[in-house]
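Take a look at the letters that make up each chain.
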Amino acid sequence: MPSRRFADGEVVRGRWPGSSLYYEVEILSHDSTSQLYTVKYKDGTELELKENDIKPLTSFRQRKGGSTSSSPSRRRGSRSRSRSRSPGRPPKSARRSASASHQADIKEARREVEVKLTPLILKPFGNSISRYNGEPEHIERNDAPHKNTQEKFNLSQESSYIATQYSLRPRKEEVKLKEIDSKEEKYVAKELAVRTFEVTPIRAKDLEFGGVPGVFLIMFGLPVFLFLLLLMCKQKDPSLLNFPPPLPALYELWETRVFGVYLLWFLIQVLFYLLPIGKVVEGTPLIDGRRLKYRLNGFYAFILTSAVIGTSLFQGVEFHYVYSHFLQFALAATVFCVVLSVYLYVRSLKAPRNDLSPASSGNAVYDFFIGRELNPRIGTFDLKYFCELRPGLIGWVVVNLVMLLAEMKIQDRAVPSLAMILVNSFQLLYVVDALWNEEALLTTMDIIHDGFGFMLAFGDLVWVPFIYSFQAFYLVSHPNEVSWPMASLIIVLKLCGYVIFRGANSQKNAFRKNPSDPKLAHLKTIHTSTGKNLLVSGWWGFVRHPNYLGDLIMALAWSLPCGFNHILPYFYIIYFTMLLVHREARDEYHCKKKYGVAWEKYRQRVPYRIFPYIY
Ligand SMILES: NC(=O)c1ccc[n+]([C@@H]2O[C@H](COP(=O)([O-])OP(=O)(O)OC[C@H]3O[C@@H](n4cnc5c(N)ncnc54)[C@H](OP(=O)(O)O)[C@@H]3O)[C@@H](O)[C@H]2O)c1
Ligand SMILES: CC(C)=CCC[C@@H](C)[C@H]1CC[C@H]2C3=C(CC[C@]12C)[C@@]1(C)CC[C@H](O)C(C)(C)[C@@H]1CC3
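As named in an unreviewed UniProt entry, the chain is Delta(14)-sterol reductase LBR, taken from Pan paniscus. The UniProt entry for the chain carries the following text under Subunit (unreviewed entry): "Interacts with CBX5. Interacts with DNA. Interaction with DNA is sequence independent with higher affinity for supercoiled and relaxed circular DNA than linear DNA. Interacts with lamin B. Interacts with CLNK. Interacts with TMEM147; promoting LBR localization to the nucleus inner membrane." Recorded in UniProt for the chain, the comment headed Sequence similarities (unreviewed entry) runs: "Belongs to the ERG4/ERG24 family."

Structure representation (structure tokens):
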């Protein structure tokens, strides 16, 4: 049996995955099969590390000499000393034979970062469990230095993993150093990550969505449920008490022409995505320190799509075809999504380990569902990012328009009903808002955590356009007259939801972009040991997910125009409540891991998750 170097309970320094930073950790256990140690960081985070990524405390004490200083000025001294060899001076690799000295350089740089950073980041502001970064008061006003700092902080936000995740609370004099550190860090991380970081398969108990049986059921259940809902909605009396109509035979549902139209739609969106318009931004740092580039042109794609749709209408293109073949379109999208998911899974088998999603497990069924590869790309074409906002989300608006036209045709109306206008405009606002704030997508769980597999492919390409448009679909065959006073109340409700949704999302996004934004100076924050703070007043002091609350209020406003004759148009809000409650629990789990005690403190300060005084 291979021997182990560290004993349970021993306090050592463990490398933080993807970086060269070493933190004090306690050895919890050792798995002799995988040869991995389970270690606990001071903020409560538990991770599995390889022996190579663990160092005895003594190895740091021997080397660090004067650099144990916890005073920022002395820290600067030690940094500037080490900076003398990089990046200002030509790297040694330029002076030595390139390949021979490469590894040595990396080693050297790595040692340097370890020695230099370990005591600097941990000691003075520490990952203290009982105190926040060593400061006596953990909740404070967000009035940290913000004079002339905006630009600098934007710079620091641009820098690498270490700066965003492990920096000290941003301080003016630290910004420059952070940039330099992050450059060094990037250099080291890039070279080392492939060798040093192993994506550890998550254990069975960590599987989400009910594990393998759960995802199996979801994958088969969701498409069946989708067709059931659509068929029920087409019935004259769509009561739940009525037996659902039988599913048409597959040959009736499959139409190659429909599939062709769907492909054409998809390709037009691909074309718009590839247009070199819109600014290019960097996503959040990946596990190996890299940051992928994304072009933000979703809003332009929407404008161009509107122009194409407008021109087609003008040319007399028969949009009713989409309504009369709605089930066929749903099947075409489902088939496309299955083919895409298979492609994604197969290509992920060749993907380097660093490119795998943290949610993947090693189980084929589960990974097919959750997605194995985090950011599958063909060249610069990012499949997940594209699918999340383009064909499905913009498609949803087009489907709504189709329903509006179908309502006029079928009900022989000169103008659409007020109910249909409300549903169309509310959802249009929602989609335009998402595209306008496209950059915010880059920090969502879907992009950072979940892979691209059946779940998101089906969600983005099938569920969103065919279920989110359900109210409009319902109104085509089940008209509901809405009075103006009722419409006014619904509009007020929608606007309240939107104000909360947008206010909360914008507040968080602005805070994450620049924690010292003067506009946020009145807000209180909780320090966390990661260097990122948590808002504890404003929208985020109201409930822990105010954006979900706003989203749910808006969802209610989307269903109300359909009246109260049937529960079917309320399916969306029921599903959405379940989705967001589950999503909130997932996010809570990740935040607890990420922020440890600081998150606990936040939970105490803001006890309700989504609904104040209820949940
Ligand atoms: N229509 C739909 O079907 C649908 C589905 C899902 C989501 N959405 C909407 O999409 C939007 C994004 O949702 P999301 O699920 O990605 O989650 P989110 O609520 O935007 O983001 C959660 C993250 O925010 C940060 N955070 C949490 N509490 C904080 C605090 N007090 N101060 C500062 N940062 C804090 C944490 O990340 P960091 O600390 O790492 O920054 C946390 O992981 C929401 O508005 C949601 O309603 C819509
Ligand atoms: C039914 C199944 C298997 C999954 C459904 C999940 C899927 C429909 C959602 C998961 C993430 C969601 C999401 C949006 C739409 C619905 C999802 C794809 C979003 C694009 C809606 C608009 C928002 O402003 C947003 C922040 C861009 C959303 C991002 C997440």
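Student: Any details on the site of ligand 2? Residues and values, ideally.
Tutor: Surrounding ligand 2, one finds 15 residues, the nearest of these being Leu222, Glu388, Ala434, Asp446 and Asp460. Tallying contributions element by element places helix H19 (residues 454-467) first for the shell around ligand 2, with five residues.

Student: Outline the site of ligand 1, listing residues and values.
Tutor: Residues in close proximity to ligand 1 total 26 residues, the closest being Tyr468, Tyr548, Asp551, Arg583 and Tyr595. Take Asn505: an N or O atom from its side chain is 2.9 Å from an oxygen atom of ligand 1. Between ligand 1 and the protein, one listed contact pairs an oxygen atom with a side-chain N or O atom of Lys532 at 2.8 Å. Relative to its unbound accessible surface of 910 Å², ligand 1 loses 87% to contact with the protein. Those elements that provide at least two residues to the shell around ligand 1 are helix H21 (484-513), strand E12 (534-535), helix H22 (546-559), helix H23 (571-595) and helix H24 (597-605). Ranked by residue count, the leading element in the shell around ligand 1 is H23, at eight residues. Classifying every residue of the shell around ligand 1 by side-chain character gives 15 nonpolar, four polar and seven charged.

Student: Which residues make up the pairing of strand E2 (residues 22-31), and what are the values?
Tutor: Summarising the sheet, strand E1 (residues 11-15) and E2 pair through five bridges and their orientation is antiparallel. Across the sheet, the residue bridging to Val11 is Glu26, located in E2. With six bridges connecting them, E2 and strand E3 (residues 36-41) associate as antiparallel partners. Across the sheet, residue Glu26 finds its bridge partner in E3, namely Lys40.

Student: How would you explain the pattern of salt bridges if you had to name every residue and give the values?
Tutor: Proximity of charged atoms lets side chains of opposite charge pair with each other. According to the stated counting rule, one finds 20 salt bridges in the structure shown. Here Arg586 and Glu208 are joined by a salt bridge, their closest N and O atoms 2.8 Å apart. Taken as a pair, Arg586 in helix H23 and Glu208 in the loop between helix H7 (175-196) and helix H8 (211-234) lie far apart in primary sequence, 378 residues in all. For the pair Arg586 and Glu208, a shared accessibility class is recorded, and that class is buried. Across the salt bridge formed by Asp355 and Arg290, the nearest N and O atoms sit 3.0 Å from each other. Here Asp355 is found in the loop between helix H13 (326-348) and helix H14 (364-370), whereas its partner Arg290 is found in the loop between strand E7 (280-282) and strand E8 (293-295), with 65 residues between them in sequence. Using a relative accessible area of 24% as the deciding quantity, one classes Asp355 as partly exposed.

Student: Before we move on, could you go through the sheet that holds E3 and cite the residues and values that matter?
Tutor: Read across the sheet, five strands follow the order E4-E3-E2-E1-E5 without closing on themselves; strand pairing throughout is antiparallel. A single partner strand is all that each edge strand has here, and the edge strands are strand E4 (46-50) and strand E5 (54-56). Direction aside, the axes of adjacent strands within the sheet are offset by 50 degrees on average.

Reading the values: rules and limits
Residues numbered from 1 in each chain as written. Chains lettered and ligands numbered in written order. Predicted model: local features only at pLDDT ≥ 70, side-chain atom pairs only at ≥ 80, totals over all residues. Heavy atoms only, no water. UniProt positions renumbered as here; feature names shortened; annotations may be inferred. Near = heavy atom within 4 Å. Helix = DSSP H or I, 4+ residues; strand = E, 2+ residues; numbered from the N terminus. Polar contact = N/O pair within 3.5 Å; in protein donor to acceptor, adjacent residues only side chain to side chain. Areas by Shrake-Rupley, 256 points an atom, 1.4 Å probe, with all protein chains shown as cover. Nonpolar A, V, L, I, M, F, W, Y, C, P; charged D, E, K, R; others polar. Pairing = 2+ DSSP bridges. Salt bridge = Lys/Arg side-chain N within 4 Å of Asp/Glu carboxyl O. Buried < 20%, exposed > 50% of the residue type's maximum accessible area, 1.4 Å probe, protein only. Axes fitted to C-alpha atoms, helices over the stretch in contact; angles between N-to-C directions.

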